[in-house]
Amino acid sequence: MKNLNKVQLIGRLGADPETKSFQNGGKVVNLRVATSETWKDKNTGEKKEKTEWHSVSIFNEGIGTVAERYLKKGSKVYIEGSLQTRKWQDQNGNDRYTTEIILRPFDGTIELLDPPSGNGNGQQSGGQRSSGGSGWGGQQQGGGGASDDLDDDIPF
């Protein structure tokens, strides 16, 4: 039996991406993504909401570049990666654990889900998809063009 470690999220960024550089020239881009669910309380009829916060670490250079360039606080995003728990020590020497979603080189996907909008320099800030492999392919998702013609009722 094959193992699978895959996470898929659709949520909004709680803050702008944070980039940290390493001495070896590498970098990591960190995101905080909120996912929320809402429901109506059966007893009171009151609308309830629960929000989960997810830490995302991008070690994929192509995807990290897209995140730095196009994402900001409030951006709606689809993220696909794997879970990883790491152990660290706090200021008092106590062991702590953090579970985060990791996008590694040649693995992971980010898709910007906000509608495209111009930012003054001819670039679009939404509708971009970046996946593992060789980095960002710059593919457009939505925003008009021939891809709208492909919205047929295909049974698969």
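Caption draft 1: Focus on the overall build of the protein. Of the regular secondary structure elements, the protein holds one helix and nine strands. Classification of the 156 residues of the protein by burial places 31% in the buried group. Residue pairs at least 24 apart in sequence account for 52% of intrachain contacts in the protein once pairs closer than 6 positions are excluded. Accessible surface computed for the protein: about 10800 Å², of which carbon and sulfur atoms make up 45%.

Caption draft 2: Inspection of the nonpolar core at higher detail. Ranked by size, the top nonpolar core spans 19 residues in total, and within it Leu31, Val56, Ile58, Ile79, Leu103 and Ile110 carry the most contacts. Broken down by secondary-structure element, the contributors of at least two residues to this core are strand S1 (7-13), strand S3 (27-40), strand S4 (47-58), helix H1 (61-70), strand S5 (76-89), strand S6 (95-103) and strand S7 (109-112). The element contributing the most residues to this core is H1, with four residues.

Caption draft 3: A look at the environment of Asp107. Tracing the chain through its elements places Asp107 in the loop between S6 and S7. Since its relative accessible area comes to 36%, Asp107 is described here as partly exposed. Taking the C-alpha atoms as reference points, Asp107 and Ile58, 49 residues apart in sequence, are found 9.9 Å from one another.

Caption draft 4: A look at unusual backbone geometry. Positive phi, normally seen in glycine, also occurs at Phe106, with a value near 65°. Assignment of secondary structure puts Phe106 in the loop between S6 and S7.

Caption draft 5: Molecular detail of the side chain of Ser75. Of note, Ser75 is situated in the loop between H1 and S5. For Ser75, a relative accessible area of 4% translates into the label buried. A distance of 2.8 Å separates a polar side-chain atom of Ser75 from the backbone oxygen of Lys72. Apart from residues no more than four positions distant in its own chain, Ser75 is found in contact with Gly11, Arg12, Leu13, Tyr70 and Asp114.

Caption draft 6: Representation of the pairing of S6. Sheet topology places S4 next to S6; three bridges connect them, and they run parallel. Looking at the pairing, Ser57 lines up with Ile102 of S6. Relative to S6, S5 runs antiparallel, the two being bridged by eight bridges. Paired with Arg86 across the two strands is Thr98, which belongs to S6. Between the end of S5 and the start of S6, which pair antiparallel, lie five residues, with Gly93 showing a positive phi angle near 85°.

Caption draft 7: Fine view of the pattern of salt bridges. Evaluated as defined, the whole model comprises eight salt bridges. Notably, a salt bridge pairs Glu46 with Lys48, separated by 4.0 Å at the nearest N-O pair. A relative accessible area of 44% means that Glu46 is categorised as partly exposed. Classification of Lys48 as partly exposed rests on a relative accessible area of 29%. The closest approach of N and O atoms between Lys87 and Asp95, which form a salt bridge, is 3.2 Å. Looking at Lys87, the relative accessible area reads 52%, which means it is exposed. Using a relative accessible area of 37% as the deciding quantity, one classes Asp95 as partly exposed.

Procedures and definitions
Residues numbered from 1 in each chain as written. Predicted model: local features only at pLDDT ≥ 70, side-chain atom pairs only at ≥ 80, totals over all residues. Heavy atoms only, no water. Helix = DSSP H or I, 4+ residues; strand = E, 2+ residues; numbered from the N terminus. Buried < 20%, exposed > 50% of the residue type's maximum accessible area, 1.4 Å probe, protein only. Contact = heavy atoms within 4.5 Å. Areas by Shrake-Rupley, 256 points an atom, 1.4 Å probe, with all protein chains shown as cover. Core = buried A, V, L, I, M, F, W, Y, C linked by side-chain atoms within 4.5 Å. Polar contact = N/O pair within 3.5 Å; in protein donor to acceptor, adjacent residues only side chain to side chain. Pairing = 2+ DSSP bridges. Salt bridge = Lys/Arg side-chain N within 4 Å of Asp/Glu carboxyl O.

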